Amino acid sequence: MTGMLDGKSALVTGGASGIGRAAALAFAREGAWVAVADLTLEGAQRTVAEIEAGDGKAVAIACDVTEDDAVAAMVAAAVEAFGGLDCAFNNAGIAPFQVNAAGQKIADVAPEAWARVIDVNLTGVWRCLRHEVAQMRRQGTGGAIVNTASILGLVGSPTSSAYVAAKHGVVGLTRTAAADHAEENIRVNAVCPGYIETPMTEETMRRRGGRIMARVPMGRMGTPGEIAEAVVWLCSARASFVTGVAWAVDGGYTAI
Ligand SMILES: NC(=O)c1ccc[n+]([C@@H]2O[C@H](COP(=O)([O-])OP(=O)(O)OC[C@H]3O[C@@H](n4cnc5c(N)ncnc54)[C@H](O)[C@@H]3O)[C@@H](O)[C@H]2O)c1
């Protein structure tokens, strides 16, 4: 069977867990070699082991996307492992509860909490983009990049100001990067997941899952694999004329 990404190389950040892990597995299933990056090597290695168990080819890389040198080294390591970079999924992210800002309105959010969410969720994507685009330009063969935004990159949400601002920023950054690099055939898109079953949403679902699900036309959470399908398609040649979109995969949340 041939895959959508046979012979391609792909880099995934936040690849140890949730959506990133599912995307790494989907890239491998579609025939790509996968560089799995996450904060710790052990986390990335767990996903690599799953890929290798399915006869895929993958390498694990430790990288904190808030450190520019580490991001440069991550891209260099992926290129060294696979000889080039064709696809990238900039997906690492954190939620307000991870900076002790859950349930806080704007005046209550500590400046440090605001800065950390922006640094990981928005500037982290920018750091990845700049090093990936630089590599793809050097290769001169184009490329496809997907950034993880969110439905909260398209609409607001109470008590999530830094997260919502960062994700709206990712959408704007994606559109501008798409325009900047279209002539070099580097496509840049964003995926905007709705509420997805991952460790990130466990706490939110416990607190107000009933109210959230009442707002989702499909009446359920999505799975990480359902986001991964959109990501690998956007990275494939089947999406050859698609760039600069912010694609909601959300069970209809933003349709109403
Ligand atoms: N789960 C959802 O409902 C949902 C909805 C919309 C958007 N998202 C976005 O999807 C992305 C993935 O989230 P998830 O739900 O899979 O969460 P998750 O917590 O399961 O996975 C996030 C991964 O990112 C990694 N990470 C965090 N900070 C990092 C850093 N500084 N450098 C490198 N890696 C780092 C974590 O170690 C973890 O493996 C995030 O950007 C999140 O904002 C999630």
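Higher on the page you've got the structure.
Worth saying up front: this structure is predicted, and the values here are computed from it rather than measured.

This part takes up empty space enclosed by the protein. Within this structure, the stated rule accounts for one cavity of 30 Å³ or more. In this structure, the largest cavity occupies an estimated 60 Å³ of space. Lining the largest cavity are 13 residues, and of these Pro96, Ala101, Val109, Ser161 and Ala162 lie nearest its centre. The set of elements that each furnish at least two residues to the lining of the largest cavity consists of α4 (111-139) and α5 (161-181). For the lining of the largest cavity, the residue count by class is nine nonpolar, four polar and no charged.

Moving on to the sheet that holds strand β4 (residues 87-90). The parallel open sheet is built from seven strands, whose spatial order is β3-β2-β1-β4-β5-β6-β7. Strands at the two margins of the open sheet, each flanked by one partner only, are β3 (58-62) and β7 (246-249). Going from strand to strand, the sheet's axes swing by 20° on average, the running direction of each strand aside. In terms of strand pairing, strand β1 (residues 9-13) meets β4 through three bridges, oriented parallel. Residue pairing across strands places alanine 10 opposite cysteine 87, the latter belonging to β4.

Okay, helix α1 (residues 18-29) next. Residue pairs spaced three or four apart in an α-helix point in one direction, given the helix's 3.6 residues per turn. Counted at 1.5 Å a residue, the expected span for α1 with its twelve residues is 16 Å, and the 17 Å between its end C-alpha atoms agrees. Burial analysis of α1 places nine of its twelve residues in the buried class, the great majority of the element. Looking at α1, one finds that the buried residues are Gly18, Ile19, Gly20, Ala22, Ala23, Ala24, Ala26, Phe27 and Ala28. Those residues of α1 that are buried lie in contact with β1, β2 (33-38), α2 (41-53), β4, β6 (186-193) and α7 (224-235). Note on α1: the residue one or two positions beyond its end, glycine 31, has a positive phi of about 100°.

What follows concerns unusual backbone geometry. Phi angles above zero are rare outside glycine, and aspartate 55 is one such case at about 70°. In this fold, aspartate 55 is placed in the loop between α2 and β3. Phi angles above zero are rare outside glycine, and threonine 159 is one such case at about 60°. For threonine 159, a relative accessible area of 24% corresponds to the partly exposed category.

The calculated volume of the largest pocket comes to roughly 1000 Å³. Along its surface, the largest pocket is lined by 48 residues, and Gly93, Ile94, Ala95, Gln98 and Met200 are the ones closest to its centre. Of all elements in the fold, only α1, β2, α4, α5 and α6 (202-213) reach the threshold of two or more residues within the lining of the largest pocket. Grouping the amino acids of the lining of the largest pocket by side-chain chemistry returns 22 nonpolar, 20 polar and six charged. Computed from the structure, the second largest pocket encloses a volume of approximately 280 Å³. Taken together, 16 residues make up the lining of the second largest pocket; nearest its centre are Lys8, Gly143, Arg187, Cys235 and Ala237. Broken down by class, the residue content of the lining of the second largest pocket amounts to six nonpolar, six polar and four charged.

Rules and cut-offs
- Residues numbered from 1 in each chain as written.
- Predicted model: local features only at pLDDT ≥ 70, side-chain atom pairs only at ≥ 80, totals over all residues.
- Heavy atoms only, no water.
- 1 Å grid on protein atoms, 1.4 Å probe; cavity = no way out; pocket = protein on both sides within 12 Å on 5 of 7 lines; lining within 4 Å.
- Points joined across faces, edges and corners; volume = space filled by probe spheres on them.
- Helix = DSSP H or I, 4+ residues; strand = E, 2+ residues; numbered from the N terminus.
- Nonpolar A, V, L, I, M, F, W, Y, C, P; charged D, E, K, R; others polar.
- Pairing = 2+ DSSP bridges.
- Axes fitted to C-alpha atoms, helices over the stretch in contact; angles between N-to-C directions.
- Expected span 1.5 Å × (residues − 1).
- Buried < 20%, exposed > 50% of the residue type's maximum accessible area, 1.4 Å probe, protein only.
- Contact = heavy atoms within 4.5 Å.

These figures capture arrangement, not role.
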